[in-house]
Amino acid sequence: MILDIRGMKMQFGGLVAVNDFNLSLEHGELVGLIGPNGAGKTTVFNVITGVYAPTEGAITLEGRDITGMRPDLVTRLGIARTFQNIRLFSRMSVMENILVSLHWRLKSGVFDALTQNGKYRAEEASMQSRAMDLLARVNLDGVADSPAGSLPYGSQRRLEICRALATEPKLLLLDEPAAGMNPAESIELMKFIGRIREEFGLTILLIEHQMRVVMGISERIVVLDHGVIISRGTPREVSRDPRVIEAYLGVEKHA
Amino acid sequence: MSRHLKRDLVILVCVALVVAWANGDLKDLLGIPGWQSYAVRIINMCAINAVLALSLNLVNGFTGQFSLGHAGFMALGAYTTALLTMDMAAKDRVFFMTPLVEPLRNLTLPFLPALVLAGIVAGLFSLLVGVPALRLRGDYLGIATLGFAEIIRLIIQNVRKVTNGALGLKGIPPVVNLWWTLGSAFVCYLMLRNFLASSYGRAFKSIRENETAAQAMGIDLFKHKLLSFFISSFWAGVGGGLLASLLTTIDPVQFKFPLTFQVLLTVVLGGMGSLSGSIIAAGIVTYLMEFLRVVEETHYWGSITIPGIPGLRMVIFSLALVVVVVWYPKGLMGDRELTVAGIKGVLGRVRQRLRIKGGRPA
C-alpha cells in the first residue's frame, strides 16, 4: 500500500467540503476519482498534497504520516501533482519549467551558484541533460526553448505532467488532465497517461469530470458527491450503480 | 567561447581606460586631465542608482515579492560605512551632544571591509524583517516592508549614542570615486546575472510565475524568498555605503520613503525582471534628475519672471511613471535583456526597412 487516507474530513467554516473519506492505493494502481462539479475532488487533492490540513483524519504515504505537511515537503517524499487550471511558469521556457522541478535535489550551495564553479557547472549540465531526456520522452524536446505560455493547449497539459514527473514521484495526482479537450484528444491523453505509468512505474490517482474518459484506463473508480463517497468499484460496477446515475443525471420523478 | 572571452576582455580594457581617463588617473602619467567633476559626479550617481535598482529588481521583478523597504536597508549600509570609515577625530567633532559608544569610537576600517560590512549588516537586518514579513503576500508585504523601513529609520534617529540621531553624520571620508561606484555596479550585475542564470534564479522566477505551482514542485518558498531578500538588501546596504561616502554627510531624513519610490520608479521604468533595463533606467533617471533642475529655477524672459518651484522635478517623474504604467506597463525592456545578438537583430531589421524604403523611390 502506497497511500492511505483514513477518515478524512475537510471543513471550511460551516461548509463540510469532504466528509469521512477513506481511500487506499496499492503500488502501481491507476484509480479514478470522479464526481459532479463541486463534489470535493480537488479538495481531496489539496489535502493529500498539504495545501490544506484536514479538519479530521490522517494521511500516510508508505506508512509515514504526512497529514498537514507543507506541500514542498510532500513533493519531496514522492507525491507530484498537476492542476485543474494549468499552472505552468508561463514566462519561463519549457526547459526551465522542468529544471525548476529538479531544483530541490540540487546539492550545490548558494556560493557555488554565485561563482558558477566547477561543482555547480557539472550539476547544471547533468540537470540540463536530465530535463532534455524527460522532454524527449513526452515529445516536447523540439520546443524546449519556447516560452511555456506559447505552447498549444494540449502540449501545455503534457508539459505540466512532465514537470510533475521531473520531481521523481512515486504517486502522481492528475487533476482533470482532459479538461477542455475534445473526445479524440482525451483518448490520446489517456493513452499517454497509460504509457508514462508503465515507463515510470507510477501509481496514479486521476480526477475526472467525465466518466467515460476514465472508464478505459482505471482499474478502480471512486465516486464522490457532495463530499461523500457514494460508490466505489470497477468501472463496470460503478457505471451501473443507481446512486451514481442519480448523482450525474438527477432522479426521474414519477407522477 | 574563447572568442567571446577575448571580445569581453577587449571591451573591459577599453572601458577601464575610459574610466581611468574620466577619473583623472592619466593626469600624472600622460598629462591628460580628468573629466569635469560635475560629469564625474553624475556618473557616480548613475552607478550607485544602478546598484540600488538592480538589487530591488531581484526581489520585485525576479522573485515577484512586492518590497518597499529599500531605503531602510540603504540607511543601515550608509550608517555602517560612515561609522566604520570616519576616524576618531572626525567622530568626536560630530558627536558633541552625545558621545559615541566606545568600541565604535576608535574603530576605523579601510573602505572595502567597511563597505562589505555595510552589506552584511543590511542583509542581517533583512532576515529579521523578512522572517515575519515574507509570510505575507502582495500588497500586504509592501505595506509591512514599508513599515519596517520606517522603523529602521526611526531607530537610527533615536539611538543617538550610535548614530548621532537627527543631527546626522558629517565629514565621512570621500573615498568613493568612479572605480568604486562603477566597480560595485559591475560586481553587482555579474553576481545577479550569474545567480539568476542558475538553478536558484529559476526557483526565484518560478515563485514569481506561480507560487502554488512552485511549492508543488518542491521549492521551499520561504527559504528562497528570504534568500532573495537577503541578497537584495546586501546590495542596498552597499549602495547606501557608496552614497554616504559620495555625499560625505548623511542624516535620517534622507532615507524616507521617497528614496525607495525613486528606486522603484527606476525598476519599473527599466522593466521588472530585466537587469540591463535597470541599468539603462538608472542612467536615464539620474541624468534627468540633474537635467530637470532647469524647471525648478527662476526664469527671466524680458519683463516676464517665471518663479522656480522646488520639487517640480518629482512631479514630472510621477507623471512619467503614470505614462509608463498606462502605456508601457512592461517598462523599457520588459523582462528581456540587452544582448549583442539582440542589438544586431534590431539593427538588421532597421537596415532592412531602410532598404525597402530606398528601393521604392517612385
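In this text the structure is predicted, and so the values were computed from the model without any measurement.

Moving on, we get to the domain arrangement of chain B. Residue and element names in this part refer to chain B. Segmenting chain B into domains produces domain 1 (1-35) and domain 2 (38-291). The straight-line distance from the C-alpha centre of domain 1 to that of domain 2 is 28 Å. Taken together, the eight residues of domain 1 in the interface contact seven residues of domain 2. Summed over both partners, the interface of domain 1 with domain 2 comes to about 610 Å²; 78% of that surface belongs to carbon and sulfur atoms. Per-residue buried area on domain 1 facing domain 2 is highest for Val19, Asn23 and Trp35; these three make up 66% of the total on that side. The interface formed by domain 1 and domain 2 includes zero residue pairs in polar contact (both at pLDDT 80 or more).

Residue and element names in this part refer to chain B. Along the polypeptide, Ile207 turns up in helix α11 (residues 199-209). A C-alpha to C-alpha distance of 9.7 Å links Ile207 and Asp220, two positions 13 residues apart in sequence. Each residue touching Ile207, except ones within four places of it in the same chain, is listed here: Thr63, Gln65, Ala214, Ile219, Leu221, His224 and Lys225.

Take the side chain of Ser93(A) next. Residue and element names in this part refer to chain A. Mapping Ser93 onto the fold places it in the loop between β6 (79-81) and α3 (94-102). Since its relative accessible area comes to 13%, Ser93 is described here as buried. Other than its neighbours up to four places away in sequence, Ser93 contacts Ala144, Asp145, Ser146, Pro147 and Ala148.

The next thing to look at is the side chain of Gln156(A). Residues and elements named next belong to chain A. Here Gln156 shows up in helix α6 (residues 153-165). By relative accessible area, which is 14% here, Gln156 ends up buried. The residues contacting Gln156, other than those within four sequence positions of it, are Ile86, Leu88, Ala148, Gly149, Ser150 and Leu151.

What counts, and where the lines are drawn
Residues numbered from 1 in each chain as written. Chains lettered and ligands numbered in written order. Predicted model: local features only at pLDDT ≥ 70, side-chain atom pairs only at ≥ 80, totals over all residues. Heavy atoms only, no water. Domains from an automatic or database assignment. Contact = heavy atoms within 4.5 Å. Buried area = accessible area lost by both parts, 1.4 Å probe. Polar contact = N/O pair within 3.5 Å; in protein donor to acceptor, adjacent residues only side chain to side chain. Helix = DSSP H or I, 4+ residues; strand = E, 2+ residues; numbered from the N terminus. Buried < 20%, exposed > 50% of the residue type's maximum accessible area, 1.4 Å probe, protein only.

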